[in-house]
Amino acid sequence: MSADEVLRRGRDGTTVDLVLEPGGGSWPAAGLLVLRTLAVLLAVGVVFLPAVILLVVVAVVVGATFVGAVTVCGALWASAVLVLWPFVAAGELRSVRRVQFAPVRAPAELRFVRGAGAGAWAPISGLRRIQLDESVEVPYEGDPEPAGRTLDITVVTATGDDGGGRHRAPKGTDADALQRALEELLGPAGVRVLRSTERRVRPKPQPPSGGWVYGGSGSANSGGGFSGGG
């Protein structure tokens, strides 16, 4: 994926945006985030469908009606979703979606855009560094699968980690191109762009273990027996 999708010109053309998470930035966009969290929670509930079916079967066996068992399980599922929904939605609204820099040519200010809107502009001197942490999983010998790469982005200010922690860049993001683009944009302002790369070899799948070896056991037993005709 091109680095232009992570570091790109803002919608109004007056900013450069470091996109950490999609969406957010306005109340209409926040509403979509809230609805999306509800859809995600409902989808997660599908994972527990086998357990729900088992509960319904057990309830019917012990004497409950099928309709009654399904109604109770459905009510419990809906209640759990409604209880969790405000907490998950609040987290989405507080999370930093992108960092905006202005003006475009030589940024002197930045602000954090969260789910429900943008914060106040602050001097770019408060930005200490941007950390790029790359993890490369190298194929083992004979592995037909290509190498796997992940890239995490952390924005650190003078007051600590105001960028909402580590953010996973979209799969396939060109780390070299993103680093160069960030250095070109923020280098004149004295902002450091640091990068670390961790490499590890993908674990080789172990062959399935065999069953009990009866031949060796029998041979040992036969060798340990008493000889006749003492």
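Residues numbered from 1 in each chain as written. Predicted model: local features only at pLDDT ≥ 70, side-chain atom pairs only at ≥ 80, totals over all residues. Heavy atoms only, no water.

Trainee: Explanation requested: a nonpolar patch on the surface in the structure shown.
Mentor: A contiguous nonpolar surface patch, about 940 Å² in accessible area, is contributed by Leu42, Val46, Leu49, Ile53, Leu54, Val57, Val58, Val61, Val62 and Trp77. Residue assignment for the nonpolar patch shows that the elements contributing at least two residues are α1 (27-47) and α2 (49-61). Secondary-structure assignment places Val61 in helix α2. Val61 gets classed as exposed once you look at its relative accessible area, which sits at 68%. (Patch = residues over 30% accessible without salt bridge, like charges linked within 9 Å, V, L, I, M, F, W, Y side chains within 5 Å. Areas by Shrake-Rupley, 256 points an atom, 1.4 Å probe, with all protein chains shown as cover. Salt bridge = Lys/Arg side-chain N within 4 Å of Asp/Glu carboxyl O. Helix = DSSP H or I, 4+ residues; strand = E, 2+ residues; numbered from the N terminus. Buried < 20%, exposed > 50% of the residue type's maximum accessible area, 1.4 Å probe, protein only.)

Trainee: I would appreciate a short explanation of the packing of α2 against helix α3 (residues 66-94) in the present structure.
Mentor: The axes of two packed helices give the description: the angle between them and the distance between them. Contact geometry for α2 and α3: axes closest at 9 Å, N-to-C directions at 140 degrees. Taken together, the axes of α2 and α3 lie oblique to each other. Here the hand of the crossing between α2 and α3 comes out right-handed. Residues Val52, Leu55, Val56, Ala59 and Val60 of α2 form the contact with α3, whose participating residues are Phe66, Ala69, Val70 and Cys73. Of the residues assigned to the contact of α2 with α3, the class counts are nine nonpolar, no polar and no charged. (Axes fitted to C-alpha atoms, helices over the stretch in contact; angles between N-to-C directions. Parallel < 35°, antiparallel > 145°, perpendicular 65-115°, else oblique. Left-handed = near helix turned anticlockwise from the far one by under 90°. Contact = heavy atoms within 4.5 Å. Nonpolar A, V, L, I, M, F, W, Y, C, P; charged D, E, K, R; others polar.)

Trainee: I'm lost on the nonpolar core in this one. Help?
Mentor: Among soluble globular proteins, nonpolar side chains are generally buried collectively. Ranked by size, the top nonpolar core spans 27 residues in total, and within it Leu18, Phe101, Ile153, Leu178, Leu182 and Leu186 carry the most contacts. Among the secondary structure elements, those contributing two or more residues to this core are β2 (16-19), β3 (96-102), β4 (109-114), β7 (127-138), β8 (148-157) and α4 (175-186). Non-local contacts of Leu178, meaning those with residues more than four positions away in its chain, are made with Ala3, Val6, Leu7, Leu132, Leu151, Ile153 and Thr173. (Core = buried A, V, L, I, M, F, W, Y, C linked by side-chain atoms within 4.5 Å.)

Trainee: Can you help me understand α4 in this one?
Mentor: Along an α-helix, residues three or four positions apart point the same way, because every turn accommodates 3.6 residues. The end-to-end C-alpha distance of α4, which contains twelve residues, comes to 16 Å, matching closely the 16 Å that a straight helix rising 1.5 Å per residue would cover. Buried within α4 are the following residues: Ala175, Leu178, Gln179, Leu182, Leu185 and Leu186. The buried residues of α4 occupy an angular sector of 135 degrees when projected down its axis, which confines them to one face. In this structure, α4 carries Arg180 and Glu184 as exposed residues pointing more than 90 degrees from its buried face. Contacts made by the buried residues of α4 are with β1 (7-9), β2, β3, β7, β8 and β10 (192-201). The backbone nitrogen of Asp176 has a side-chain oxygen 3.1 Å away, supplied by the residue at the start of α4, namely Asp174. (Expected span 1.5 Å × (residues − 1). Arc of directions from axis to C-beta. Polar contact = N/O pair within 3.5 Å; in protein donor to acceptor, adjacent residues only side chain to side chain.)

Trainee: Is there a simple way to think about the sheet that holds β8 in this case?
Mentor: Strands in a sheet are paired, the pairing made by backbone hydrogen bonds, and the direction either parallel or antiparallel. The sheet built from four strands is open, its strands ordered β9-β8-β7-β10 with mixed pairing. Edge positions in the sheet fall to β9 (167-168) and β10, since each has one partner strand and no second. (Pairing = 2+ DSSP bridges.)

Trainee: Explanation requested: the pattern of salt bridges in the structure shown.
Mentor: Any two side chains of opposite charge can pair, given that their charged atoms come close. If you walk through the whole model with that rule in mind, you get eight salt bridges. Note that Arg149 and Glu134 form a salt bridge whose closest N and O atoms lie 3.1 Å from each other. Of the two residues, Arg149 sits in strand β8 while Glu134 sits in strand β7, which places them 15 residues apart along the sequence. Exposure remark for Glu134: the relative accessible area of 8% places this residue in the buried category. Between Arg168 and Asp152 there is a salt bridge whose closest N-O contact spans 2.4 Å.

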